[in-house]
Amino acid sequence: MRFTQILRLRIKCSDLSAAKQQYVPKHQPAVEKDIRKLEDFLMNKPNIVVLTGAGISTESGIPDYRSEGVGLYARSNHKPIQHMEFVRSPSVRQRYWARNFVGWPKFSSTEPNSTHHALSRFEREGRIQCVVTQNVDRLHTKAGTKNVIELHGSGYVVKCLSCDYNIDRHEFQNILNVLNPEFKDAPDMIRPDGDVEIPQEYIDNFRIPPCPKCDDNRLKPEIVFFGDNVPKERVNRIAEMIYAGDGLLVLGSSLLVFSGYRMVLQTKDLNLPVAIVNIGETRADHLADLKLSAKCGDVIPKLFDFKKK
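Residues numbered from 1 in each chain as written. Predicted model: local features only at pLDDT ≥ 70, side-chain atom pairs only at ≥ 80, totals over all residues. Heavy atoms only, no water.

The name given to the protein chain in an unreviewed UniProt entry is NAD-dependent protein deacylase, with the source organism recorded as Stomoxys calcitrans. Taken verbatim from the UniProt record of the protein chain, the Function (unreviewed entry) comment is "NAD-dependent protein deacylase. Catalyzes the NAD-dependent hydrolysis of acyl groups from lysine residues." Taken from UniProt, the Subcellular location (unreviewed entry) comment for the protein chain reads in full: "Mitochondrion matrix". (UniProt positions renumbered as here; feature names shortened; annotations may be inferred.)

In structure tokens:
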């Protein structure tokens, strides 16, 4: 390979890495002694439960909501969709699916980062019991982790709100492509910051198929929207994992959403230890036995990596 080709490849890789890091908030480098403290915390705890939040996926190029300066709340007037608005309003569903349709190719092609891969390694090595994730991006599964509980569901499945019909999101994308051929220029609507800008006339004309089983028009991603409840059986399963566990490790979550904070409360009620790795404060800092204010990618991949020691 010629020198100029190598140089171009390095520049391209550098640009790609920078693009992925644009959603990571400002942070201090991880301190080596803190990494060792976390390693000691996890030592001989093979049934630890891991809770992950949006902070681990920002390093893959998926923005979170709340991070100062780089989260969706800070960069735009974007507000998360409310469950009842989606259920009640055809226009809300139309706008949601139009934006989701345009953003899906980029979102679904996102790759797991070093933290996802490290947690998959921990599972193979018998160091953790399971991963509970607040994320809907399936990056833990892509990284090879087997025992994953998707606390807030997944963006990779579409379901009907009136019957038991469901469909893979990729297959649903193909249907939307056929119904909306005028969206062929959709990739040009994605803004540099990853958000989607769609002219209102496109949204007004966006077509969504009805359920092929019951003809209901309310097809929804299998995601727990704001204002909805996590299914009780999922909550109970997580509680059982915590009860059988050795403690809780929280990664990349502010824990402001109660479904995640509840896991910390359940763990402490059992007098089990809690460790947190997150850039910035969390709702449960006062309950943590160990807190590292650091980027997960600077900490987790370095744990139990004996080849580098």
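The rest of the description comes next.
Visitor: Got a minute to help me understand the sheet that holds strand β4 (residues 153–160) in this structure?
Guide: Strands pair in a sheet through their backbones, by hydrogen bonds, and they do so in one of two ways: parallel or antiparallel. Sheet architecture is open: 3 strands sit in the order β5-β4-β6, paired in antiparallel fashion. Since the sheet does not close on itself, it has two edges, and those belong to β5 (166–168) and β6 (219–223), each with one partner. Strand after strand, the sheet turns through a mean of 40° between neighbouring axes, direction not considered. Of the strand pairs in this sheet, β4 and β5 are connected by 3 bridges, and their pairing is antiparallel. Residue pairing for β5: lysine 159 is matched across the bridge by asparagine 166. Its contacts with the sheet put helix α9 (residues 169–179) on β4, β5 and β6, and the angle it makes with β5 is roughly 90°. (Pairing = 2+ DSSP bridges. Helix = DSSP H or I, 4+ residues; strand = E, 2+ residues; numbered from the N terminus. Axes fitted to C-alpha atoms, helices over the stretch in contact; angles between N-to-C directions. Contact = heavy atoms within 4.5 Å.)

Visitor: Explain the sheet that holds strand β3 (residues 148–150) to me, please; I cannot follow it from the model alone.
Guide: Strand order in the open sheet formed by 6 strands is β3-β2-β1-β7-β8-β9, with parallel pairing between adjacent strands. Across the chains shown, the open sheet's two edge strands, defined by having one partner strand only, are β3 and β9 (290–292). Each neighbouring strand pair of the sheet contributes to a mean axis angle of 15°, computed without reference to strand direction. Bridge analysis of strand β8 (residues 274–277) against β9 gives 3 bridges, and the strand direction is parallel. Bridge pairing links isoleucine 276 to lysine 291 in β9. Sitting on the sheet, helix α11 (residues 232–243) touches β1 (49–52), β2 (130–133) and β3, and the angle it makes with β3 is about 140°.

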